Amino acid sequence: MFHKLRYLMKHSWREFLDAELLRDGNYDVIASGQQFYDGQDLSALVPDTGEEVLAEGGYAAGQVWQSLFRNWVYQNPPALNPSVILRHWPTAHRASGVYIDGAFRLEDDPVYPHSIDYINGRVIFDSPLPLETRVHADYTYKTVQILDLRQFNNQLKEGVLEQQYKTNPFTAGQLVYPSGSTRISPLPIIFVENMGRTFGSYQLGDRSLVDRDELVCEIWALDESTRDNLIDLVSYQQRKSFPIINYNVAPLPLSGLKNELSPEYVPYISLAQNEPLPGPSFSGINPVAFRGFIDETEVADLDSFFSDSTTQQDVFERAVVRMIVETYPIMPTTPFGFDIALEGMDGRNYED
């Protein structure tokens, strides 16, 4: 399918926010052997023998090994924002393999070949391992997830069964991803949706139609401070612009049923700077289709939700940030919703 403006805008906004969250230090680094205050090994992976998980991929018990945390970092980590606090922040890194009984094994290891599922924070082996095998990993996981609003509706349908450490004040609110399902996501989460579109007048000097899309970020967190920090991070993108990447030609970062790093992976910073693609399919083509200009940002609907459940967090914090994103599709003399002035531009012959 040939993706047009609406899809590309939503996906590009998610990627833009994801990069900004990483620049702001919203991640934790887990080193092999790192222990929690109670002695639990945070780097240990355990076999996930849940029927639903094994049935999803046709796996056997001993193939899927789950970490405590979802949403592993797969990006080339960007430079952190300038800050006295972030100056000594640990450096994020992408996992490249696992330790099996103390020996490090790359993904293409001839004895223990495996795939890293970055979204679900797990490792999937080509062949089952004995369930008593000791498996550890060095990895970085993101502490904030960004999902589509459709995935929020799925969470309500499935029910959010969350686990957390509650006894240590330093880690209060840190969720541990439960095994047995890939449909449950721990908070905090920013849900993104394009809720509407209006059109302004043509831009003076050419035939560019002013397109005004309403992007909504629905923020869910376990505590007020996290919610407020995410409100600030999202709302202070006001008056910025972000690149809308043409994912018809640019590769998505993850691929396949196992959410592995794509063999054609291009770092987000390269896409955002509109560097010509390396190929092979679209070698030399610039990836940016539009720029979205953020305007009229509004923070609304601050709510606290309380639960009597004994298996869930007792309070949830919610906020909604609405913003107008302006783009300038050259219409109506070009294909609907797409700027062919940029589409297919050959970066090898392009001069600024």
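The coordinates are above.
Report on the accompanying structure. (Residues numbered from 1 in each chain as written. Predicted model: local features only at pLDDT ≥ 70, side-chain atom pairs only at ≥ 80, totals over all residues. Heavy atoms only, no water.)

As a further point, take the sheet that holds strand 4 (residues 97–100). In spatial order, the strands read 5-4-8-2-3-7-6; together these seven strands make up an open sheet with antiparallel pairing. Each of the sheet's edge strands pairs with one partner strand only, and the pair in question is strand 5 (103–106) and strand 6 (114–117). Where strand 2 (residues 44–47) and strand 3 (residues 64–66) come together, two bridges link them in antiparallel fashion. Bridge pairing in strand 3 links Pro47 to Trp65. (Pairing = 2+ DSSP bridges. Helix = DSSP H or I, 4+ residues; strand = E, 2+ residues; numbered from the N terminus.)

The next thing to look at is helix 1 (residues 5–23). Here helix 1 is 19 residues long and its end C-alpha atoms lie 26 Å apart, about the 27 Å a rise of 1.5 Å per residue gives. Helix 1 sits mainly inside the fold: 16 of its 19 residues count as buried. After helix 1 finishes, the residue Gly25 shows a positive phi value of roughly 80 degrees. (Expected span 1.5 Å × (residues − 1). Buried < 20%, exposed > 50% of the residue type's maximum accessible area, 1.4 Å probe, protein only.)

Packing of helix 1 against helix 4 (residues 224–235) brings their axes to within 11 Å, and their N-to-C directions diverge by 120 degrees. Considering their axes alone, helix 1 and helix 4 lie oblique with respect to each other. You can see that helix 1 and helix 4 cross each other, and the crossing is right-handed. Residues Trp13, Leu17, Glu20 and Leu21 of helix 1 touch helix 4, and the partners they reach there are Leu230, Leu233 and Val234. Classifying every residue of the contact of helix 1 with helix 4 by side-chain character gives six nonpolar, no polar and one charged. (Axes fitted to C-alpha atoms, helices over the stretch in contact; angles between N-to-C directions. Parallel < 35°, antiparallel > 145°, perpendicular 65-115°, else oblique. Left-handed = near helix turned anticlockwise from the far one by under 90°. Contact = heavy atoms within 4.5 Å. Nonpolar A, V, L, I, M, F, W, Y, C, P; charged D, E, K, R; others polar.)

Bringing the side chain of Asn286 into the picture now. With respect to the helices and strands, Asn286 occurs in the loop between helix 5 (268–272) and strand 18 (288–306). In this structure the side chain of Asn286 is engaged in a polar contact, spanning 2.5 Å, whose partner is the backbone oxygen of Asn274. (Polar contact = N/O pair within 3.5 Å; in protein donor to acceptor, adjacent residues only side chain to side chain.)

Let us look at unusual backbone geometry. We note that Asn259 has phi near 55 degrees; this positive angle belongs to a residue other than glycine. Structurally, Asn259 can be placed in the loop between strand 16 (254–255) and strand 17 (260–261). With a phi close to 60 degrees, Asn274 is a non-glycine residue in the positive phi region. Within the secondary structure layout, Asn274 lies in the loop between helix 5 and strand 18. On the accessibility criterion, Asn274 (22% relative accessible area) is partly exposed.

This part covers the environment of Ala19. Turning to its location among the elements, Ala19 is positioned in helix 1. Given the relative accessible area of 10%, Ala19 is considered buried. When near neighbours in sequence (up to four residues on either side) are disregarded, Ala19 contacts Pro78 and Tyr268.

For the rest of this paragraph, the subject is the packing of aromatic side chains. Counting across every chain of the model gives eight aromatic pairs. Ring geometry for Phe16 versus Phe242: centroids 5.7 Å apart, planes at 40 degrees, classification tilted. Of this pair, Phe16 sits in helix 1 while Phe242 sits in strand 15 (residues 241–245), and the two are 226 residues apart along the sequence. Summarising the burial analysis for this pair, Phe16 and Phe242 share the class buried. Considering the side-chain rings of Tyr74 and Tyr118, the 6.4 Å spacing of their centres and the 75 degrees angle between planes classify their relative orientation as edge-to-face. Remark: Tyr118 occurs in the loop between strand 6 and strand 7 (122–125) and Tyr74 occurs in the loop between strand 3 and strand 4; sequence separation between them is 44 residues. The residues Tyr74 and Tyr118 share a single accessibility class, namely buried. (Phe/Tyr/Trp six-rings, centres within 6.5 Å; stacked < 30°, edge-to-face > 60°.)

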